[in-house]
Amino acid sequence: MIYPIRYYGDPVLKRKAAPVTDFDGALRQLATDMIETMYDANGVGLAAPQIGINKRMFIALELAEQDSDDGDPEADADDADPADELTQDEKKARWNVLNEHVIVNPTITRREGDQYGQDGCLSLPGLFVDDMKRDDSITMSYQDVDGNAHTLTASGHFSHVLQHEYDHLEGILFFEHLPAAEQRAFKETHRQALAEMQRHSKAFLRELKEAARS
């Protein structure tokens, strides 16, 4: 099942997600659906709040290093020709996916060093910060969909992805890491796009309420 992505302006994106307590078939199905939704949207990560589910759970792709833009998920996201869409397996091969990580109830237990890289979000489509500061290396404790405990250490791009998705569980959007003046400049520069996303979110939530009544 492919879920609609929630956009900027949807309150679920600003809410701290609740811990997962039930490790059952429904959770495993949710993980499968989130992976499908993420690939469909050409993302390298997806948090449950981004599909309107208030759970501390996200998907993160670990990619092999690439020497060019060929096989870049962001480049594929910009491909305007729907006839040129790839299947999930084709995207996995094209993007050089090493692992699909399903992360439940994560905690970052160690942060080290700095890195700077482009940051964007499926919930703010088309908007980016080119030099977002992130921790270069982190260690994360988490559970899998069966409730088993794991520890993961990551650096570079994968560390960046993990931190971005973890932020979603805390109700934090990527541009909110910018200093106050830069946040204001980001919002002003993208004022029209952000306003359109807010209108989209209000209309979508209104449709959900009407569907629930019927």
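Residues numbered from 1 in each chain as written. Predicted model: local features only at pLDDT ≥ 70, side-chain atom pairs only at ≥ 80, totals over all residues. Heavy atoms only, no water.

Draft legend 1. Representation of the overall build of the protein in the model. When helices and strands are counted, the protein shows six helices and five strands. Counted from the first residue to the last, the protein has its helices and strands arranged as α-β-β-α-α-β-β-β-α-α-α. Computed over the C-alpha atoms, the radius of gyration of the protein is 17 Å, within 12% of the 17 Å expected from 2.2 N^0.38 for a compact globule of 214 residues. Seen along its three principal axes, the alpha-carbon backbone of the protein occupies a region of about 45 × 40 × 40 Å. Across the 214 residues of the protein, 43% fall into the buried class. (Helix = DSSP H or I, 4+ residues; strand = E, 2+ residues; numbered from the N terminus. Rg over C-alpha atoms; globule rule 2.2 N^0.38 Å. Buried < 20%, exposed > 50% of the residue type's maximum accessible area, 1.4 Å probe, protein only.)

Draft legend 2. Molecular detail of the nonpolar core. Grouped together as the largest cluster of nonpolar side chains are 24 residues, with contacts concentrated most on Leu30, Met34, Ile51, Met57 and Val102. Taken together, the elements giving at least two residues each to this core come down to α1 (25–40), β2 (57–63) and β3 (97–121). The greatest single-element share of this core, amounting to seven residues, is contributed by α1. With residues near it in sequence (within four places) discarded, Met34 still touches Leu46, Ala47, Ala48, Ile51, Met57, Phe58 and Ile59. Core analysis: the second largest hydrophobic core is formed by 16 residues, Ala17, Leu152, Val161 and Tyr166 among them. (Core = buried A, V, L, I, M, F, W, Y, C linked by side-chain atoms within 4.5 Å. Contact = heavy atoms within 4.5 Å.)

Draft legend 3. A look at the packing of aromatic side chains. Counted under the stated rule, the structure contains five aromatic pairs. A ring pair is formed by Phe174 and Phe175, whose centres lie 6.1 Å apart and whose planes are at 85°; its orientation type is edge-to-face. Looking at Phe174, the relative accessible area reads 2%, which means it is buried. Here Phe175 and Phe186 contribute two aromatic rings whose centre-to-centre distance is 4.9 Å and whose plane-to-plane angle is 15°, an arrangement assigned as stacked. In this pair, Phe175 is assigned in the loop between α4 (156–169) and α5 (180–189) and Phe186 in helix α5, connecting sequence segments eleven residues apart. Residues Phe175 and Phe186 agree in their burial class; the two are buried. Feature note: the residues Tyr8, Phe174, Phe175 and Phe186 constitute an aromatic cluster, connected by ring pairs. (Phe/Tyr/Trp six-rings, centres within 6.5 Å; stacked < 30°, edge-to-face > 60°.)

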